[in-house]
Amino acid sequence: MGSSNDNKWSDTAMLVIDMQKEFVDPAMNSLTFLAGGEVILPAVTQAVKLARERGIFVVWVVREHDPAGRDVELFRRRFYSGGKGPAMKGCKGAELADGLAIKEEDYKLVKTRFSSFFATNLDSVLKTSGIKNLVVVGVQTPNCIRQTVFDAVALDYEKVTVIVDATAAANPEIHLANIRDMKNIGVETPTLEGWSGSV
């Protein structure tokens, strides 16, 4: 990592949200699989690579639920019975998608709701690390991406960026409608190519 990049990006973190096998790997045959998540996997992989090259703090935001579903939203609890349910702690579905890996300098954050900030220590970890700006990638746009981004804006992060083609929803229309809503509250919404070219 070059020192010039370290200085420019030292106050930026990348949140990689829910890029887990349960949500993006069709081989899991999961009710929570999102085809768009599989499609964006190469872009997310590239975004993480670039973030590391720039010295950006990478935060892996994941779901890891209690096998009984006691920590899951009420509307999802019906999916948990007999020790089975989406993204249970220690199960294959909770693992990161193939090609993604947490490195020693990264941070792993477990959430149990849509927003990465809700009932977690994320804001504290970011602020004590000198983070003022966020770049967001992952799934899915109307739920975990949107709520995390709206909370980040409410918490006064100076610059919040959502990489349009490294995030996904159930279909392109839903994705773009939510991107538009986030743009309307001041969020930057470049493509990966556009963000890659930013200096």
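Residues numbered from 1 in each chain as written. Predicted model: local features only at pLDDT ≥ 70, side-chain atom pairs only at ≥ 80, totals over all residues. Heavy atoms only, no water.

Participant: Which residues make up the environment of Ala169, and what are the values?
Facilitator: Locating Ala169 in the fold gives a position in the loop between β5 (159-168) and α6 (172-183). Sequence separation of Ala169 and Phe117 is 52 residues, and the distance between their C-alpha atoms is 20 Å. Sequence-distant contacts of Ala169, defined by excluding residues within four places in its chain, comprise Leu34, Gly36, Gln140, Thr141, Pro142, Ile174 and His175. (Helix = DSSP H or I, 4+ residues; strand = E, 2+ residues; numbered from the N terminus. Contact = heavy atoms within 4.5 Å.)

Participant: Describe the confidence of the model for the chain, naming the residues involved and giving the relevant values.
Facilitator: One rule of thumb: low pLDDT means the predicted coordinates there are not for detailed reading. On average, residues of the chain carry a pLDDT of 95, and 97% of them reach 70 or more. This model gives residues 1-6 a pLDDT under 50, and the stretch forms eight contacts once residues within four places in sequence are excluded. (pLDDT = per-residue confidence, 0-100.)

Participant: Tell me what's going on with helix α3 (residues 35-54), and back it up with residues and numbers.
Facilitator: For α3, built from 20 residues, the straight-helix expectation of 28 Å at 1.5 Å per residue is met to within 8% by its first-to-last C-alpha distance of 29 Å. Most pronounced at Leu41, the bend in α3 amounts to some 45°, and the proline Pro42 follows within four residues. All of the buried residues along α3 are Gly36, Gly37, Ile40, Leu41, Ala43, Val44, Ala47, Val48, Leu50, Ala51, Arg52 and Arg54. Just downstream of α3 lies Gly55, where phi reads positive at about 80°. (Expected span 1.5 Å × (residues − 1). Bend = angle between axes of the 7 residues up to and from the residue. Buried < 20%, exposed > 50% of the residue type's maximum accessible area, 1.4 Å probe, protein only.)

Participant: Would you mind going over the pattern of salt bridges in detail, with residue names and values included?
Facilitator: Counted according to the given criterion, the structure contains 12 salt bridges. For Asp18, the salt bridge is made with Lys111, and the minimal N-O distance between the two is 3.1 Å. A residue pair is termed long-range when its members are at least 10 positions apart, and Asp18 in the loop between β1 (12-17) and α2 (21-24) and Lys111 in strand β3 (residues 107-111) qualify at 93 residues. A residue is classified by how much of its surface remains accessible, and Asp18, at 3% relative accessible area, is buried. What emerges from the salt-bridge pattern is a single network uniting Lys21, Glu95 and Asp98. (Salt bridge = Lys/Arg side-chain N within 4 Å of Asp/Glu carboxyl O.)

Participant: Could you give me a rundown of the packing of aromatic side chains, with the residues and numbers involved?
Facilitator: Applying the stated criterion to the full structure yields four aromatic pairs. With a centroid separation of 6.3 Å and 45° between ring planes, the pair formed by Phe75 and Phe114 is classed as tilted. One end of the pair, Phe75, is in the loop between β2 (57-63) and β3; the other, Phe114, is in the loop between β3 and α4 (122-128), with 39 residues separating them in the sequence. On the basis of relative accessibility, which here comes to 17%, the residue Phe114 falls in the buried class. Over the face of the ring belonging to Trp9 we find Lys8, whose NZ or CZ atom lies 4.9 Å from the ring centre. Geometry around Trp195 places Arg54 over its ring, the cationic atom sitting 4.7 Å from the centre. (Phe/Tyr/Trp six-rings, centres within 6.5 Å; stacked < 30°, edge-to-face > 60°. Lys NZ or Arg CZ within 6 Å of the ring centre and 35° of its normal.)

Participant: Account for the sheet that holds β3, naming residues and giving values.
Facilitator: Ordered in space as β3-β2-β1-β4-β5, the five strands form an open sheet in which the pairing is parallel. One side of each edge strand has no neighbouring strand; the edge strands of this open sheet are β3 and β5. Taking the axes of each pair of neighbouring strands and ignoring which way they run, one obtains an average angle of 20° across the sheet. Against the sheet, α3 makes contact with β1, β2, β4 (133-139) and β5, and its axis sits at roughly 135° relative to β5, the strand it touches most. (Pairing = 2+ DSSP bridges. Axes fitted to C-alpha atoms, helices over the stretch in contact; angles between N-to-C directions.)

Participant: I'd like a rundown of unusual backbone geometry, residues and numbers included.
Facilitator: A cis amide bond links Val139 with the next residue in sequence, Gln140, at an omega value of -20°. Relative to the elements of secondary structure, Gln140 occurs in the loop between β4 and α5 (141-154). Here the phi dihedral of Asp156 falls at roughly 70°; this positive angle occurs in a residue that is not glycine. The exposed category is assigned to Asp156, whose relative accessible area is 62%.

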